[in-house]
Amino acid sequence: MSLKKIALGTLAAVMVAATAGWFSLDKETRGVLATVPTNADLLFWSQPQRDAAFRALDRLPLLAKSRVVAAGGAPKALPPGPPLKLPVDVAAFMAGQRASALIVVQDGRVRLERYGLGFDADGRWTSFSVAKSITSTLVGAAIRDGHIRSMDDKVTAYIPQMKGSAYDDVSVRQLLTMTSGVRWNEDYGDPQSDVALFNKHKPEPGVDALVSYLRRLPREVPPGTRWNYSTGETNLVGILVSQATKKPLSQYLSEKIWVPAGMEQQATWILSKTGQEISGCCLQAATRDFARFGVFIAEGARVGGQSIVPEGWLAEATTERVGIGRPGRGYGYQWWTYDDGSFDARGIFGQGIFIDPKRKLVIASNANWAAGARDPDAARARDAFWRAVQKAIDEEAAAVAGSAAR
């Protein structure tokens with residue numbers, strides 16, 4: 001047989017194997033491979049790249065490494081309820097949000113569930129900063145378990161490598177409320193901002209990448225005197241919890257929430273270059289499980305009648321601890337708060353979990369906003385939708401009460 005025939009045969013075999021391999025991949029992995037980003041900075045990917053990647057960040061180790069958050073074998077039921085009557089064109093709302101998923105759970109029943117962008121109930125979508133509120137809940141669990149002694153302990157008591165930095169006098173409470181006073185730039189449109197640069201930082205040998213970056217930042221104001229939104233500090237919270245519990249954050253999340261709260265699917269958590277979960281971001285989960293987390297919080301973070309956090313801690317976490325300069329709004333322990341008692345977890349590009357305990361209401365949404373990470377028009381439309389749902393539930397309750405009185 002000639003060398004030419006051998007070469008052609010080998011090429012044909014490779015092509016057949018490659019084709020078989022391609023079709024053996026799930027649709028999410030094929031999607032991200034078809035639009036694979038040309039740079040490592042997610043904030044500056046194109047819309048098609050984001051559409052593909054947000055559902056598959058954990059599918060390609062070359063793109064990002066992750067750790068599994070194991071689920072248990074007894075998922076919490078989310079039975080269907082009567083369809084919610086809304087004075088809103090839901091399809092138009094989702095199109096405007098570029099929403100991949102929208103679930104409304106009220107009194108434990110699913111009142112609305114829609115999907116878009118080719119996404120479905122079986123897929124996982126990345127959380128972005130929704131993960132901050134989940135990380136915060138793990139702080140409460142670590143206090144309840146005795147791993148963290150007090151919210152007023154200094155950060156350096158748990159992360160000794162931060163000693164000698166601007167974080168020397170910063171408490172766990174100040175870290176959770178983002179009032180450390182340490183300089184941080186969260187401008188998603190600036191390639192030179194801290195939020196864009198910290199993942200590229202080359203750490204010193206033996207030092208966590210984030211710790212290495214943050215301990216070089218200067219102090220701007222005294223601790224506790226100014227609120228400044230900082231993803232870096234939530235990432236530091238995750239390191240603190242991991243150091244205190246002596247467990248990977250994903251394992252602790254599985255043990256304290258994912259299994260006992262009845263999540264249906266495993267989740268994954270993206271890792272930094274030094275192997276630590278990026279706790280201010282990037283938890284991949286099914287939208288129904290994000291909704292289950294909301295229900296878990298709305299019901300007091302209880303397992304078997306016992307809260308996983310200390311008595312009163314969750315009420316503190318989900319009500320205003322610091323003002324953010326907006327009437328009726330505030331910030332708790334990594335939760336955005338409203339004066340009516342509702343609160344939410346929210347992430348860039350349209351991710352969110354809205355919780356209203358008084359109405360037993362949870363709304364979970366995932367999206368890829370057309371205008372980028374922060375889209376003020378889309379954010380206002382989402383807030384208006386949440387208020388429309390609240391109003392619809394109130395009108396339902398009033399109608400039921402009226403019928404009972406007649």
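Above this text you will find the structure in question.
Residues numbered from 1 in each chain as written. Predicted model: local features only at pLDDT ≥ 70, side-chain atom pairs only at ≥ 80, totals over all residues. Heavy atoms only, no water.

## Let's talk about the overall build of the chain
Worth spelling out the cut-off: Comment: elements are numbered from the N terminus, with helices defined as DSSP H or I runs of at least four residues and strands as E runs of at least two. Buried means the residue's accessible area, taken with a 1.4 Å probe over protein chains only, is under 20% of the maximum for its type, while exposed means over 50%, and partly exposed covers the values in between. Each accessible area is a Shrake-Rupley result for a 1.4 Å probe, and residues are judged covered by the shown protein chains and nothing else.
Tallying secondary structure elements over the chain gives 13 helices and 14 strands in all. Every one of the 406 residues in the chain was classed for burial, and the buried ones make up 54%. Accessible surface, the chain as shown: approximately 17,300 Å² in total, 56% of it carbon and sulfur.

## Observations concerning the environment of lysine 163
Under the convention used in this document: Residues count as neighbours in contact if any of their non-hydrogen atoms are within 4.5 Å of one another.
Inspection of the secondary structure puts lysine 163 in the loop between α5 (130-144) and α6 (172-176). On the accessibility criterion, lysine 163 (55% relative accessible area) is exposed. On a C-alpha basis, the gap between lysine 163 and arginine 215 in space is 8.2 Å, while along the polypeptide they are 52 residues apart. In this view, lysine 163 contacts Thr156 and Asp168; residues no more than four positions away in its chain are not counted.

## Remarks on the pairing of strand β3 (residues 109-115)
Both faces of the sheet carry side chains from a regular strand, because those side chains alternate between them. Counted only if it meets this: When DSSP finds two or more bridges between a pair of strands, those strands are recorded as paired.
In this sheet, β3 lies alongside strand β2 (residues 99-106) in antiparallel orientation, the contact comprising six bridges. Paired with isoleucine 103 across the bridge in β3 is glutamate 113. The turn joining β2 and β3, which pair antiparallel and follow one another in sequence, is formed by two residues; a positive phi near 55° is taken by aspartate 107.

## A word on the sheet that holds β2
Within a beta sheet, neighbouring strands are joined by backbone hydrogen bonds and run either parallel or antiparallel to one another. Put simply, the test is: Note on definitions: angles span 0 to 180 degrees between N-to-C directions of axes, and those axes are lines fitted to C-alpha atoms, for helices only across the stretch in contact.
Strand order in the open sheet formed by eight strands is β3-β2-β14-β13-β12-β11-β10-β9, and the pairing between neighbours is antiparallel. The outermost strands of the open sheet, each flanked by one partner alone, are β3 and β9 (322-323). Where β2 meets strand β14 (residues 361-367), seven bridges bridge the pair, whose relative direction is antiparallel. Looking at the pairing, valine 104 lines up with isoleucine 363 of β14. The sheet contacts of helix α4 (residues 90-97) involve β2, β3 and β14, and relative to β2 the element is tilted by about 130°.

## Some details on the pattern of salt bridges
Heads up, the rule is: For this document, the term salt bridge refers to a Lys or Arg side-chain nitrogen within 4 Å of an Asp or Glu carboxyl oxygen.
A full pass over the atoms with the stated rule returns 23 salt bridges. With a shortest N-O distance of 3.2 Å, arginine 387 and aspartate 340 are connected by a salt bridge. With arginine 387 in helix α13 (residues 376-405) and aspartate 340 in the loop between β11 (336-338) and β12 (343-347), the pair connects residues that are 47 residues apart, well separated along the chain. With a relative accessible area of 27%, aspartate 340 lands in the partly exposed category. The shortest N-O distance in the salt bridge between aspartate 383 and arginine 346 comes to 3.1 Å. With aspartate 383 in helix α13 and arginine 346 in strand β12, the pair connects residues that are 37 residues apart, well separated along the chain. Among the residues examined, arginine 346 registers a relative accessible area of 13% and is labelled buried.

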